[in-house]
Every structure is written in C-alpha cells, then in structure tokens.
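Coordinate analysis (summary)
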Amino acid sequence: MKKLLLILFGITILTDSYGQLFTPNQIDSIDEKMDYVFSQKEYFISLKEKEINNLKKILPSRDIAPEAQYDVYIKLVNLYEKLDLDSAMHYAKESLEVANKLNKTEWVTLSNLLLARHYSSAGMYVESKTILDKVNSNTLAENLKRQYYFAQSEYYSHYAQSNSQHIYFSKNEEYRDSLLNYLNSEDLTYQVLNAENLFFSGEEEKAEQVLLKLLSTTSDEQIERAVIAYTLGLVYRKKGDSELERIFLQISAICDIVNGIRDNASLQSLATYYSKHGDIKKAYKFMEAAINDIVKCNVRFRTIESASSFSSIYYTYLHKVTAQEKKLRISLLAISFLSLFLIAISIYVLSQKNRISKIKAQLANANENLKQLIKDLNSINKDLNTRNEDLKDANLIKEEYIAHFFDLCSEYIDKMEEYRKHLNSLAKNKKFVQLYQELDSNSNIEDELDKLHERFDQIFLSLYPNFIENFNDLLKPEEKIKLKSGEILNTELRIFALIRLGITDSIKIAGFLRYSLSTIYNYRTKTRNKAAVPRDEFEDYVAKIGSKPLKY
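All of these numbers come straight from a predicted model, not from anything done at the bench.

1. Focus: the packing of aromatic side chains
Applying the stated criterion across every chain yields a total of 28 aromatic pairs. Look at Phe471 and Phe496: their rings are 5.3 Å apart centre to centre, the planes differ by 50°, and that puts the pair in the tilted class. Of this pair, Phe471 sits in helix 19 (residues 467–473) while Phe496 sits in helix 20 (residues 491–500), and the two are 25 residues apart along the sequence. No difference in accessibility class separates Phe471 from Phe496, as the two residues are buried. Positioned above the aromatic ring of Trp107, the side-chain terminus of Lys104 is 5.1 Å from the ring centre. The positively charged end of Lys238 is found above the aromatic ring belonging to Phe199, 5.6 Å away from the centroid.

Here's what the structure looks like:
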C-alpha cells in the first residue's frame, strides 16, 4: 500500500492556500491512496471481524471467570460499536446480565451507559433516555461520569439531528462541555473535543491550528485521526477552500476504512463534495458505500443525514446514465451504418484483386513458414542432442553408483554379522561389563562414519575427478579451498558434493553428515558469500560441475 505523504509546515505561518500544506505530488498520492484503500474496504472489515471472532472464542470456555467474561463482553461492545450496532447492543446486554449477577454496581452502570449510547445511535431514543434518566450522576465515580456525559452528549446530538430542534443541539454542547471537565487536558480525546468546540463556536482559526497539530502526531490506525481530519474538512469548507476540504475528507475516509468503521460521516461528505463539483460517478460510488455502511451498522441518525443528499445524487446519476445510454445508442447506430458501408467497399476491393498476386502472396507466406519450421526443427534437434548427452552422463553415473552402493551394502552386512558374532560371544561368555561397554561406546559408529565419508569422497572423486578444481574456480581467488594433508574432501566440499548429486535438502545433508541443521545452513551461507559468481546462482553452478563447461 502506498503511504500517505502528509507534510505539515509551521502552523503559525499557514494561510488559506493549500500549496503551503501539500505539494501537487502529495495531493496525487492522497488521491491514489484513497482509491486503493477504498478498493480494499471489505478486507479491512474482515480484519476487524477476525479480531472479534478471536475474542468470541474465549467465551465458550468453562474455565472463564464471570469477571473475565464481563471484560470480554465490554471489549466486544467497543469493537462492534462502529461496525454493527445490533451486535454492540447484544453484548452490552450480556455484560449487564453478568454485572447484575456479580452485584457490581459500577459495572451495571457502565453497561447501562454503553447500552444507552447505542440505543440513541440506533434511533431508540425512548429506551436510551429511560436508562440515562435513572442514572444519578452525583454518585458516579469520575471514570463513570466521563461515560455518563459522553452518553448524554451523544443522545442529544443524535436526537437533535432527527428533529432539527436547536434546544437539543444546545443540550449536546452543554454535556460536551461537562465531559471536557472530566478529561485530562493532555488526553487526545480532550484535545479533539476541544478543537470541535472551537470550530462550532466560530473560532475556526484556533480550531485549524489545533487540528493540524493533532493530525501531524497521529497515524491512520488511530480512530481519532478520522475525526480530526473530518473536522479540518469542515473548517476548510467554511473557509471556501474546496481543494483542502476534499483532501482532509479523504484522509478521514482512509482512517475510517483502515480501522473497519462503518459508522462514519467521511464517505457521505465526500459523496456530497463530488456531487457539488460535478463528478457524479464518484459521488454515487461513495454515497452507495455510505448507504451500505449505514444499513449494515444500523445507524439511524446517519440514515436521516444521508436521505436528502442520496436522493439528489441518485437522480442526478440516473439522469447522467440515461443521457449516456442515449448517446451510446446513437453512436452504435452510426457505427453500424459505417461498418456496413466499409464492408461493402471491402468486398468490392477484394473482388478486384488479381488472382496471381494472391497466389504469389500465399507462396511467399508458405516459404516464410517453411523457413521458420526448419529453424524450429534445428533448434529442437539441438536441444534433443543436448538432453541425450545429459541422459547418457546421468545413466553412467547411476550405473557406477549402483555398483558402489551394492558393494557398500555387502561390506556393511559383513561388518554387522561380525559385530553380531562378537557381541554374541561376549554374551555367551558372560562378559556383561565388556558387552555393556561395547554397546555404550560410540567409537565404532564414529569410525564407521569416518570410513563412510572417506569411501564417499573416493567414489565421488572417481566420478568427478575435477570437482575440487572446478569448485575453486567458482570462488574468489583469496577464498579458494586448500585441503589439509591426507584429506580427500573437507566438510565444506562434502556438502557441495552432495548438492552436485542432487541432494539439496539441508535436513538430508545434515542427517548424512551427522551435523546439526544450523551447521549445514552456516556452511552453505558462508560458501555462497565467498562466490566469484552471483551469490544466488552459486549452487546452480555447483550442480553443473562435470556436465558442461561452466560459464561465469
């Protein structure tokens, strides 16, 4: 995903000109990111649903304590809050039931306040108000007072939008002011709410400075960033800067989508923006997505917000589509007549062609095809010859290895028989201490392993007598391998001898050489780093030693 390139200059020197906030390249990048993130909308929803499903898996456990169960329910309420209101209300009720069973007064209050908030979002204003009226705010702990004033503020905000009465907007502002008194001024939520208050009270310049500073310190994964960017969009809409309005609405929408939020205002506002500026196709696309989100989340107040603008966009889009279809039908009719005319001319021209020129053209074409066929056959023959030579070499190696394999098996069968007789003799003579020592000792195995490796080295070099020289040719001059006196192959050469024989699995190599897997990996990596050829192709070159002249 392309990253959003957002560079904010010193806030004290900002003017209304968007050139001081974004370069043209950065604006293009934001547009591209918006298109990409929007196309991945369902993917981000699925990530949130996956997180929810993982949390739900805890609930059926018999070992879960009621207190832990309550905690899971509250987490589910918070995750569903902006995704699916019905589910959020369901788990709020579940948490309330657990809180009542535990007789936890504060928990009961918290669950009721969460339920009241979601009732008001779903348009269930009577149910929401009934719960809120039962709460005595004077007796609440400070953390619950924050929840209480937040729930009251949301209730009056949603109710005001459903009937457009000023008194309820005033009540919303009153409770929002009360909420600010119970928040830490360093808290992000406080700073966002304070900036909103500045904007709605007409102090756009102060709000702009605060919001730009907050935006520069947040990331797309923080849900508050969506609110910050959205409010900035409103600021620039009021200031008449439509370009910055669009950019910040896009940033808000990106944050909403990335965080799997369906209850959002950004997509609807973008749809309204594009409709106002004549891009009906984009307006319809974003409004359709906004309506789908509203339906799936069941946010009633958003339905009221979007009703009028959606109707306008829909009918404008329908009119545009109808006009385009009419133009398309006319164009198709014209193209049809033109096509018929061209077909008639083509038939006439073709009928006038000289038969001899046709034959010449056909012969020339056949001759070219024949040349190409001969060229292809030569290439195939060359490839077959190469493959036949490779097969001959492979068959000779197989035959020799089979012979060595049978010799080795026969030799080890004899050794095993001798060892069995030796142990049997010790047992018969009741030399149990010596017998135990024989069985407990690794010396025989280590001796046999050394002999096996020596035998392998001899057989391998009999098949590939120039292997060491060819292998050193693949290494840098200062990294060439020099064998100690008496060595046929060392461990490094033995590993790559096995690779030359087609055994490339490090696990199998480790088993054969009786080394740890990490040791084999380290040898392979260190040797590749010494290569004079491209490091990633080193083992391919090793696999070709002895079969064809190496080119590097």
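That was the structure; now back to the text.
2. Here we look at helix 1 (residues 24–39)
Between the first and last C-alpha of helix 1 there are 23 Å, a value that for 16 residues agrees with the 22 Å anticipated at 1.5 Å per step. Gln26, Ile27, Ser29, Ile30, Lys33, Met34, Val37 and Phe38 are the residues of helix 1 that are buried. Projected down its long axis, helix 1 carries its buried residues within an arc of 160°, all on one side. Every exposed residue of helix 1 that faces more than 90 degrees away from the buried side is listed here: Pro24 and Asn25. Buried residues belonging to helix 1 abut helix 2 (41–56), helix 12 (242–258), helix 13 (266–276) and helix 14 (280–297).

3. Quick look at helix 20
For helix 20, the tally of buried residues reaches 10 of 10 residues, placing the bulk of the element in the interior. Just downstream of helix 20, Gly502 is the residue with a positive phi angle, here 100°.

Rules used in this analysis
Positions within a chain are numbered from 1, following the residues in the order the chain's sequence is written. Note on the predicted model: pLDDT of at least 70 is required for a residue's local features to be given, and 80 or more for side-chain atom pairs to be given and counted; whole-chain, interface and lining totals, by contrast, use all residues. For side-chain calculations, the full set of non-hydrogen atoms in the structure is used, while hydrogens and water are omitted. Working definition: a ring pair exists when centres of Phe, Tyr or Trp rings (six-membered ring for Trp) sit within 6.5 Å. Plane angles under 30 degrees give stacked, over 60 give edge-to-face, the rest tilted. Secondary structure follows DSSP: runs of H or I at least 4 residues long count as helices, runs of E at least 2 residues long count as strands, and numbering of each begins at the N terminus. Here's how the labels work: a residue is buried when its accessible area is under 20% of the maximum for its type, exposed when over 50%, partly exposed in between, all with a 1.4 Å probe on protein chains only. Note on criteria: charge over ring means Lys NZ or Arg CZ within 6 Å of the ring centre, with the direction from the centre no more than 35 degrees off the ring normal. In this scheme, a helix's expected span is set at 1.5 Å multiplied by one less than its residue total. Throughout, the arc means that of the directions going from the helix axis to the C-beta atoms. Should any heavy atoms of two residues lie within 4.5 Å, those residues are counted as being in contact.

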